[in-house]
Amino acid sequence: EHLPWHEVKLQRYGRDELTPVFTEDSRGPLLAVFQRAIEVIELVNTVESFLQGMVRVDVPKFPGAAYREAVANALIHRDYEQSGNVAVRVYEDRLEVGSPGGFFGGVDENNLLSTESRRRNELLASVMQRIGLAERSALGVRRMYEALLAEGKGPPEYRSTAASVTLTLRNGAFDRAFAGLIRRLRDDGLELTVFELLILSRLRRGPRLTLAAAATDSLVITAVVDP
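Residues numbered from 1 in each chain as written. Predicted model: local features only at pLDDT ≥ 70, side-chain atom pairs only at ≥ 80, totals over all residues. Heavy atoms only, no water.

A. Quick look at helix 1 (residues 30-42). Along its 13 residues, helix 1 runs 18 Å from first to last C-alpha, staying within 8% of the 18 Å computed at 1.5 Å per residue. Taken as a whole, helix 1 has its buried residues at Leu30, Val33, Phe34, Ala37, Ile38, Val40 and Ile41. All buried residues of helix 1 lie within an arc of 160° about the axis, which places them on one face of the element. (Helix = DSSP H or I, 4+ residues; strand = E, 2+ residues; numbered from the N terminus. Expected span 1.5 Å × (residues − 1). Buried < 20%, exposed > 50% of the residue type's maximum accessible area, 1.4 Å probe, protein only. Arc of directions from axis to C-beta.)

See the structure below:
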């Protein structure tokens, strides 16, 4: 009624990525739209299980903490003065969440974990935080990284322009040995930080990680030099 640009497009695709098998447009209340987006994602959010010793480990396509944060961020931080809709697109191999309005306040896809977060819609973010839908500061983004990395998956992928931000969560193959290791460490009471998970994730792709090599990734270099 008061925000004419508010609209959320929910889509699900099969093998044909040009023609959605399901489309739904909504201009409803934010909480109702958020819940509906979760329902659409959960319809295809299958779980793969494996044994870690005597314990079964369940790994969903999209960890709940990751996709909930992605959808919440899009609804809370989009530019409501700019035309366009929030888009939640579920493909066979990934989940994409796009929103109008680019990064701002010095934040970009390369420093999300190492800079103070900025709030485009301060009051909305504060309300959503109080009801438990959003995390404080950059904690939500860190939780999204942690949820993916701890399951042996790749980190979230961002692409942005001056007019939009799109986040992609991959549901591809995960590293069972890595996921099992993190599970064992947690069972032993050791909770790793997101930066430690990033470094371990890098190391599983090779036996060594030098500062020179890490310098190509500002997220990892921040972790390496930060005491």
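B. Region of the structure containing the pairing of strand 5 (residues 86-90). Of all five residues in strand 5, five are buried, a share of seventy percent or more. Of the two faces of strand 5, both are covered, the one formed by Val86, Val88 and Val90 as well as the one formed by Ala87 and Arg89. Pairing of strand 5 with strand 6 (residues 94-100) involves four bridges; the strand directions are antiparallel. When the sheet's bridge partners are listed, Val90 is paired in strand 6 with Leu95. (Pairing = 2+ DSSP bridges.)

C. Representation of the packing of aromatic side chains in the model. Applying the stated criterion to the full structure yields three aromatic pairs. Ring geometry for Tyr13 versus Tyr91: centroids 4.6 Å apart, planes at 15°, classification stacked. Of this pair, Tyr13 sits in strand 1 (residues 8-13) while Tyr91 sits in the loop between strand 5 and strand 6; the two residues are 78 residues apart in sequence, bridging distant segments of the chain. Of the two residues, Tyr13 and Tyr91, both sit in the buried class. Taking 5.9 Å as the distance between ring centres and 55° as the angle between the ring planes, the aromatic pair formed by Phe103 and Tyr158 counts as tilted. Highlighted residues: Phe103 in the loop between strand 6 and helix 3 (122-130) and Tyr158 in strand 7 (residues 157-160), separated in sequence by 55 residues. When the ring centre of Tyr80 is taken as reference, the NZ or CZ atom of Arg78 above it lies at 4.8 Å. (Phe/Tyr/Trp six-rings, centres within 6.5 Å; stacked < 30°, edge-to-face > 60°. Lys NZ or Arg CZ within 6 Å of the ring centre and 35° of its normal.)

D. Expanded view of helix 2 (residues 64-77). For helix 2, which comprises 14 residues, the first-to-last C-alpha distance of 20 Å matches the rise-based estimate of 20 Å (1.5 Å per residue) to within 8%. Of all 14 residues in helix 2, 10 are buried; the element is thus mostly enclosed.

E. Structural detail: the sheet that holds strand 6. An order of 2-1-5-6-8-7 is seen for the six strands of this open sheet, with the pairing classed as mixed. With one partner strand each, in any of the chains shown, strand 2 (20-26) and strand 7 form the two edges of the open sheet. Pairs of neighbouring strands in the sheet enclose a mean axial angle of 15°, with direction left out of account. In terms of strand pairing, strand 7 meets strand 8 (residues 164-170) through four bridges, oriented antiparallel. (Axes fitted to C-alpha atoms, helices over the stretch in contact; angles between N-to-C directions.)

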